[in-house]
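Listed below, chain by chain, are the residues.
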Protein chains: 2
Amino acid sequence: MNSSGLKKLVIFGVGLIGGSLALALRRSIQNLHIVGIDRNADSLQTAIDLGVIDEMNPPAQLAMQDADIIIIAAPVAQTPNILKSIAPHLGPNTVITDVGSTKSDVIDYAAAILGDQFTQFVPGHPIAGAEKSGVTAARADLFDGKNIVLTPTEKTTPESSCKVSEMWKQAGARVTEMSAGHHDEIFAAVSHLPHLLAFALVDDLASRPNAEELFAFAAGGFRDFSRIAGSSPEMWRDISLANREALLSEIDAYQASLQKLRDLLEQRDAQGLRDMFENASQKRNAWGAILTNKPRQA
Amino acid sequence: MNSSGLKKLVIFGVGLIGGSLALALRRSIQNLHIVGIDRNADSLQTAIDLGVIDEMNPPAQLAMQDADIIIIAAPVAQTPNILKSIAPHLGPNTVITDVGSTKSDVIDYAAAILGDQFTQFVPGHPIAGAEKSGVTAARADLFDGKNIVLTPTEKTTPESSCKVSEMWKQAGARVTEMSAGHHDEIFAAVSHLPHLLAFALVDDLASRPNAEELFAFAAGGFRDFSRIAGSSPEMWRDISLANREALLSEIDAYQASLQKLRDLLEQRDAQGLRDMFENASQKRNAWGAILTNKPRQA
């Protein structure tokens, strides 16, 4: 009944990401039926009241029936159980995708749980977010111009990838495909490592006898640097463990970079320090200039 | 002619900090005569046009004559030469202060250059700033509610400290006194170290063969974490070298904290990781909540 062929969508976890995807798709797809499944029934009722979803927590078999795409947007730790609840009812024309920050681990779970139907699973990661969470923070424009990375495996059917890719494009996003291993390496470097570096600094300072005095004099530079250290401990424990190998390599590379800086300082190498700061400063500002011309990404 | 007794102020370096101090004091002090001295005559003319200063670049002897307070707000590397230009003309009732981010180094310069008149020098550091620099970015409210740290030495006369302290209070700031060594340790931890950590990360990523791809997928967390890596390479070279001892200790403490995190990850210690992230996250969010109730500090 609509040009995309997308008629029924099932969203596991109707929060910021799941809810925003629903709102984004409603902008361009008429008569799209959206089913929400969530542990939190109050939140689902809010999602219905806000017009984000049409139906909440139906029996699993009914929910999956004739679904075009099932999106897993719940906290990553729930993914294996959600996959298990989906597997017995998964029809041959339904595609499953997810939105987790790490991809190799999800692929391992899906391969083990879905068996022959693993060909219908398209791992995904939208690079978008916001300060607030929950369905009340959902926005139809959250993905406009944002990157979505899909990491289909050798077994994923091209039809499945295509369906998920089309859905994200209709939600306003730009889709990039790469291998799960490459995805996990990139995000270890530009997202997971910075989070760990910020956690390590705040943990260090907060554990000192004069922590209160230190925080009293911390200002704007510290505020921005450490913002990500305020992130969910459970979520980052899970991400760290899920992307352990790549992250260990990144920590090693970072320690070498920091040691290089320490050596320059120890040796009072003014030129060496300036060169290193200059390289970083130029690249950061050039990137920042590009970023300010794009929609804000969180 | 006014209650504070402040009648003539000389500002070396009329940029964001020097200009904002002038504007802040003009709010509460009538008939304050402000002399601006700067290498950049165009910028000084702008400062006159904006009503920030009354007089620009007079001969040194005339500038210092009857000055109550001389503020050095030029780039820190110029401080020794500015002190040398002041010394021959410094009257017995004039007090000198500065706004540098490190204090032990400035004290060493001032002691060597000012000789007997070192008693009239009150080292200072306003913890305030803004994204933009230059006198056109100056704002009368820049210091409202902000911390100003003064680090008088054993030789500084109480009258001198008192005069500078009163000036900052009239500019809207909260004044704290501590030793220069203690100041430098605090700011090594909460400001200088975070800058070096951000420089080290961006330098590391920018030096890789796939740097362009990495930056293409970097998002909001990276943006905030790395913002301070866009800071002036020259300024941070100077700050790093000026606060070398304290900063080396901080890098060592940080490396130990990061190594602890790496060990937990290596050992797949989920509980240990969660505890470390939780400690950081709680402290960061508690501090952030206090900060949002205060004026923005940069």
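### Notes on the overall build of chain A
The helix and strand inventory of chain A stands at 12 helices and 9 strands. A principal-axis box enclosing the C-alpha atoms of chain A has dimensions of 70 × 40 × 35 Å. Within chain A, the fraction of its 298 residues that count as buried is 50%. Counting contacts in chain A only where the partners sit at least 6 residues apart, residues at least 24 apart contribute 78% of the total.

### Quick notes on unusual backbone geometry
Residue and element names in this part refer to chain A. If you check the backbone angles, aspartate 66 has positive phi at about 60° while not being a glycine. With respect to the helices and strands, the residue aspartate 66 is situated in the loop between α3 (60-64) and β4 (69-72). Judged by local crowding, aspartate 66 falls into the exposed class, with 11 C-beta atoms found within 10 Å. One non-glycine residue, arginine 268, lies in positive phi territory at about 50°. Within the secondary structure, arginine 268 sits in the loop between α11 (244-266) and α12 (270-291).

### Quick look at the sheet that holds strand β7 (residues 124-126) of chain B
Residue and element names in this part refer to chain B. Reading across from one edge, β7-β8-β9 is the order of the 3 strands in this open sheet, with mixed pairing throughout. Each edge of the open sheet carries a strand with a single partner, namely β7 and β9 (174-177). Going from strand to strand, the sheet's axes swing by 20° on average, the running direction of each strand aside. Helix-sheet contacts for helix α6 (residues 158-170) involve β7, β8 (147-150) and β9, and the interaxial angle to β8 is about 170°.

### With respect to the relation of the copies chain B and chain A
With an RMSD of 0.0 Å, the operation that places chain B on chain A is a rotation of 180° combined with a shift of 0.0 Å along the axis. The superposition operator between the copies reduces to a two-fold rotation axis. Ranked by how close their C-alpha atoms come to the rotation axis, the residues of chain B are headed by Phe225(B), at 1.9 Å. Interface overlap between copies: 100% of the residues of chain B at the interface are likewise at the interface in chain A, consistent with a symmetric, same-surface contact.

### Remarks on the interface of chain B and chain A
Across the contact, 76 residues belong to chain B and 76 residues belong to chain A. At the level of elements, α7 (180-206), α8 (211-217), α9 (220-226), α10 (233-242), α11 (244-266) and α12 (270-291) of chain B are the ones that each hand at least two residues to the side of chain B that touches chain A. The greatest single-element share of the side of chain B that touches chain A, amounting to 17 residues, is contributed by α7(B).

### Looking at the sheet that holds strand β9 (residues 174-177) of chain A
Residues and elements named next belong to chain A. With mixed pairing, 3 strands are arranged side by side in an open sheet as β7-β8-β9. Each of the sheet's edge strands pairs with one partner strand only, and the pair in question is β7 (124-126) and β9. Taking the axes of each pair of neighbouring strands and ignoring which way they run, one obtains an average angle of 20° across the sheet. Relative to strand β8 (residues 147-150), β7 runs antiparallel, the two being bridged by 3 bridges.

### Regarding the pairing of β8(B)
All names here are of chain B. Note that β8 and β9 share 4 bridges and pair parallel. Counted as the bridge partner of valine 149 is threonine 176 from β9. Each parallel crossover has a hand, and the one from β8 via α6 to β9 is right-handed.

### What about the domain arrangement of chain A?
Residues and elements named next belong to chain A. Taken domain by domain, chain A holds domain 1 (8-178) and domain 2 (183-291). The C-alpha centroid of domain 2 is placed 32 Å from the C-alpha centroid of domain 1. Taken residue by residue, the interface counts 12 residues in domain 1 and 8 residues in domain 2. Looking at the side of domain 1 that touches domain 2 residue by residue, the class counts come to 5 nonpolar, 5 polar and 2 charged.

### Describing the environment of Leu90(B)
Residues and elements named next belong to chain B. Inspection of the secondary structure puts leucine 90 in the loop between α4 (79-86) and β5 (95-98). Spatially, the C-alpha atom of leucine 90 lies 12 Å from that of threonine 119, the residues being 29 residues apart in sequence. Once residues lying within four places of it in the same chain are set aside, the contact partners of leucine 90 are Met64, Gln117 and Gln120.

### Structural notes on the confidence of the model for chain A
For residues with low pLDDT, the predicted coordinates do not support detailed interpretation. With 97% of its residues at a pLDDT of 70 or more, chain A has an overall mean of 94. Interface confidence for the predicted complex, given as ipTM, is 0.90, next to a pTM of 0.90.

### Focus: helix α4 (residues 79-86) of chain A
Buried within α4(A) are the following residues: Thr79(A), Ile82(A), Leu83(A) and Ile86(A). Buried residues of α4(A), seen end-on, are gathered within an arc of 100° and therefore sit on one face of the element.

### Section: the packing of α11(A) against α11(B)
Here α11(A) crosses α11(B) at 165°, and the two axes come no closer than 11 Å. Our classification of the angle between α11(A) and α11(B) gives roughly antiparallel. Here the hand of the crossing between α11(A) and α11(B) comes out left-handed. Residues Arg244(A), Leu247(A), Leu248(A), Ile251(A), Gln255(A), Leu258(A), Arg262(A), Leu265(A) and Glu266(A) of α11(A) pack against Arg244(B), Leu247(B), Leu248(B), Ile251(B), Gln255(B), Leu258(B), Arg262(B), Leu265(B) and Glu266(B) of α11(B).

### Considering the packing of α11(A) against α7(B)
In a pair of packed helices, the angle between the axes and the distance between the axes together describe the arrangement. Contact pair α11(A) / α7(B): the axes reach a minimum separation of 9 Å and the direction vectors enclose 120°. It follows that α11(A) is oblique to α7(B) by the angle criterion. Seen from above, α11(A) lies across α7(B) with right-handed handedness. Here α11(A) contributes Ala253(A), Tyr254(A), Ser257(A), Leu258(A) and Leu261(A) to the contact with α7(B), which in turn contributes Leu196(B), Phe199(B), Ala200(B), Leu201(B), Asp203(B) and Asp204(B). Here the residues of the contact of α11(A) with α7(B) are counted per class, giving 8 nonpolar, 1 polar and 2 charged.

### Re α6(B)
Spanning 13 residues, α6(B) covers 18 Å between terminal C-alpha atoms, matching the ideal 18 Å at 1.5 Å per step. One or two residues past the end of α6(B) sits Gly172(B), with phi positive at roughly 100°.

### Description of the pairing of strand β4 (residues 69-72) of chain B
Residues and elements named next belong to chain B. Of the two faces of β4, the one carrying Ile69 and Ile71 and the one carrying Ile70 and Ile72 are both buried. Here β4 pairs with β5 via 4 bridges, running parallel. Directly across from isoleucine 71, in β5, lies its bridge partner threonine 97. Assessed by its sense of winding, the connection that carries the chain from β4 through α4 to β5 is right-handed.

Quick notes on the rules
- Residues numbered from 1 in each chain as written.
- Chains lettered and ligands numbered in written order.
- Predicted model: local features only at pLDDT ≥ 70, side-chain atom pairs only at ≥ 80, totals over all residues.
- Helix = DSSP H or I, 4+ residues; strand = E, 2+ residues; numbered from the N terminus.
- Buried ≥ 20, exposed ≤ 12 C-beta atoms within 10 Å, placed from the backbone.
- Contact = placed C-beta atoms within 7 Å.
- Pairing = 2+ DSSP bridges.
- Axes fitted to C-alpha atoms, helices over the stretch in contact; angles between N-to-C directions.
- Least-squares fit on C-alpha atoms with pLDDT ≥ 70 in both.
- Right-handed = clockwise from strand over helix to strand, strands pointing away.
- Domains from an automatic or database assignment.
- Nonpolar A, V, L, I, M, F, W, Y, C, P; charged D, E, K, R; others polar.
- pLDDT = per-residue confidence, 0-100.
- Arc of directions from axis to C-beta.
- Parallel < 35°, antiparallel > 145°, perpendicular 65-115°, else oblique.
- Left-handed = near helix turned anticlockwise from the far one by under 90°.
- Expected span 1.5 Å × (residues − 1).

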